Amino acid sequence: MEQTSNRFLSLDVFRGMTIVFMIIVNTAGSGAAPFAPLEHAKWFGFTPTDLVFPSFLFAVGNAMSFAMKKFDSLATGAVVFRIFKRAAIIFLLGYLMYWFPFVQHDATGYHLAPISTTRIFGVLQRIALCYLFASLIIYFIKSKTAVVVISIAMLLGYWFILLIFGDHSDPYGMLTNFGTTLDKNLLGDAHLYHGEGVAFDPEGILSTLPAIVNVICGYYAGKFIQEKGKGYETISKLMLYGFLFIFIALCWNMTFPIAKKLWTSPFVLLTVGIDLVLISALIYIVEIKLWNQGNWTKFFTTVGKNPLPVYLFSELFVVILYMIHIGPKSFYEWINAVFFQVIAPGAVGSLLFAICYMLVCWTFGKILDKNKIYIRV
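The structure presented is a predicted model; accordingly, all values stated were derived computationally and were not measured.

Participant: I'd like to hear about the overall build of the protein, residue by residue, with values.
Facilitator: When helices and strands are counted, the protein shows 13 helices and 4 strands. The C-alpha radius of gyration computed for the protein amounts to 21 Å, which stays within 12% of the reference 21 Å derived for 377 residues, consistent with globular compactness. Across its three principal axes, the protein shows a C-alpha extent of roughly 60 × 55 × 45 Å. Counting every position in the protein, which comprises 377 residues, the buried fraction comes to 49%.

Participant: Tell me about the environment of Ile235, and please be specific about residues and values.
Facilitator: Tracing the backbone shows Ile235 in helix α8 (residues 232–252). Its relative accessible area of 8% is what places Ile235 among the buried residues. Ile235 sits 48 residues away from Ile283 along the chain, and the two C-alpha atoms are 7.2 Å apart. When residues no more than four places from it in sequence are discounted, the contact partners of Ile235 are Ser280, Ile283, Tyr284 and Ile288.

Participant: Go over a nonpolar patch on the surface, please, and point to the residues and values.
Facilitator: Where nonpolar side chains cluster on the molecular surface, the patch consists of Val148, Ile152, Leu156, Phe160, Leu163, Ile164 and Phe165 and spans about 620 Å² of accessible area. Position of Phe160 relative to the elements: it lies in helix α5 (residues 144–165).

Participant: Go over the side chain of Asp369, please, and point to the residues and values.
Facilitator: With respect to the helices, strands and loops of the structure, Asp369 is situated in helix α13 (residues 347–370). The side chain of Asp369 is buried and forms no salt bridge, while Lys305, the nearest opposite charge, is found at 4.1 Å. Apart from the residues within four sequence positions on either side, Asp369 is in contact with Thr302, Lys305 and Tyr374.

Participant: Can you explain the domain arrangement of the protein? Please cite residues and give values.
Facilitator: As far as domains go, the protein holds domain 1 (10–39 + 301–369) and domain 2 (59–102 + 113–291). Put simply, the middle of domain 1 and the middle of domain 2, counted by C-alpha atoms, are 25 Å apart. Contacts between the two partners involve 14 residues from domain 1 and, on the opposite side, 17 residues from domain 2. With both sides pooled, the region where domain 1 packs onto domain 2 buries about 1,400 Å², and carbon together with sulfur makes up 85% of that total. Area buried by domain 1 at its contact with domain 2 is led by Ser10, Leu11 and Phe14, which between them contribute 41% of it. If you look at where domain 1 meets domain 2, you find 0 salt bridges. Scanning the region where domain 1 abuts domain 2 turns up 1 residue pair in polar contact (both at pLDDT 80 or more). At the level of elements, α1 (9–26) and α11 (307–323) are the ones that each hand at least two residues to the side of domain 1 that touches domain 2. Looking at the side of domain 1 that touches domain 2, the element that brings in the most residues is α11, giving 8 residues. Per-class residue counts for the side of domain 1 that touches domain 2 are 11 nonpolar, 1 polar and 2 charged.

Participant: So, the pattern of salt bridges: which residues are in play, and what are the values?
Facilitator: Considering all chains together, one arrives at 6 salt bridges under this definition. One network of salt bridges, in which partners are shared, links Arg119, Asp201, Glu203 and Lys260.

Participant: Just give me the short version of the environment of Leu206, but keep the residues and values in it.
Facilitator: Within the element layout of this structure, Leu206 appears in the loop between α6 (178–186) and α7 (208–228). Setting aside chain neighbours within four positions, we find Leu206 in contact with Tyr158, Ile161, Leu162, Phe178, Gly179 and Leu182.

Participant: Could you give me a rundown of unusual backbone geometry, with the residues and numbers involved?
Facilitator: A cis amide bond links Phe100 to the next residue, Pro101, at an omega of 15°. Position of Pro101 among the secondary structure elements: in the loop between α3 (76–99) and β1 (103–106). If you check the backbone angles, Lys372 has positive phi at about 55° while not being a glycine. Examined against the element boundaries, Lys372 turns out to sit in the segment after α13.

Participant: Break down the side chain of Thr47 for me, citing the residues and quoting the values.
Facilitator: With respect to the helices and strands, Thr47 occurs in the loop between α1 and α2 (52–67). Here Thr47 falls in the buried class, since its relative accessible area comes to 14%. At 2.7 Å, the side chain of Thr47 forms a polar contact with the backbone oxygen of Glu39. With sequence-adjacent residues up to four places away left out, Thr47 is seen in contact with Ala36, Pro37, Glu39, His40 and Ala41.

About the criteria used
- Residues numbered from 1 in each chain as written.
- Predicted model: local features only at pLDDT ≥ 70, side-chain atom pairs only at ≥ 80, totals over all residues.
- Heavy atoms only, no water.
- Helix = DSSP H or I, 4+ residues; strand = E, 2+ residues; numbered from the N terminus.
- Rg over C-alpha atoms; globule rule 2.2 N^0.38 Å.
- Buried < 20%, exposed > 50% of the residue type's maximum accessible area, 1.4 Å probe, protein only.
- Contact = heavy atoms within 4.5 Å.
- Patch = residues over 30% accessible without salt bridge, like charges linked within 9 Å, V, L, I, M, F, W, Y side chains within 5 Å.
- Areas by Shrake-Rupley, 256 points an atom, 1.4 Å probe, with all protein chains shown as cover.
- Salt bridge = Lys/Arg side-chain N within 4 Å of Asp/Glu carboxyl O.
- Lys, Arg positive; Asp, Glu negative; His and termini not counted.
- Domains from an automatic or database assignment.
- Buried area = accessible area lost by both parts, 1.4 Å probe.
- Polar contact = N/O pair within 3.5 Å; in protein donor to acceptor, adjacent residues only side chain to side chain.
- Nonpolar A, V, L, I, M, F, W, Y, C, P; charged D, E, K, R; others polar.

And the structure:
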């Protein structure tokens, strides 16, 4: 645990907004379909929900631009150790999160949940791997131009790999893309995500490659802001780059479709472009116009200062709600059936529950913040 010092307020607000929205879309109330914008695109296409995870990766890179300054005074061995240690801890936390509650109950009693069916990759695991490789690339390759070339190579390389090694009749299909084939061969069906009804992992091995670019772009955006200052020139250039990325993504989409679950290369450019526009707007609102005098920013910085523990709490607590049963229903289903779907039937009730659940998680973050507990790994 450590206390925060002087922070980049817009970064905390941006990261806090990402976590708040992530919790809302991850915990829609049961009993009714949520509003369409609060669901991921079925496959090709884009919804506001698809922006959440890449924005968090962008924020990870943005934070790296501040944290990596400490590496200047350390030996190479110490830096590499820190990078691998942090990545390993985040990856392990993600794995343990999927293994939770670690036990299963049947007619014979409680048993340790089998590791053989635990998902290996996931959200935190992707964050860990993207942080790991982005940090190593940026630390060892000092030339920004070279890093840009490597990023372009990763985006193009991912595209070519899908086209060359995937099913030529459907290289971008859920079960026919090469990433799914690779995951099944290396990890096995039992260790993959089954939320789509089949063994397919949206955070698989191969699709991590283009996701690294989200972190790298976030890093250089943060570094650019630090070097150029929080003025009009800075935000205008960030916005121009943002709109350029969005334009390229939409053009590329005609041959390589935008798809979050496949994490396609134009999806990377689209989300980075939107994030650049959003962070520019936040800098204008918070840093230049100082429209934070009403302290509305504190709502988001409360979770923005502790993104990892708040996210972990949101994922683990919902598992507990499903474990507690009232009659035949889990508490999660019961509270929606007897309260939220009664007072506001349909998608409104689903959203209302999600907001209330987010506020519970926000309260957890508020307790940490009030006690000046800021958990870092």
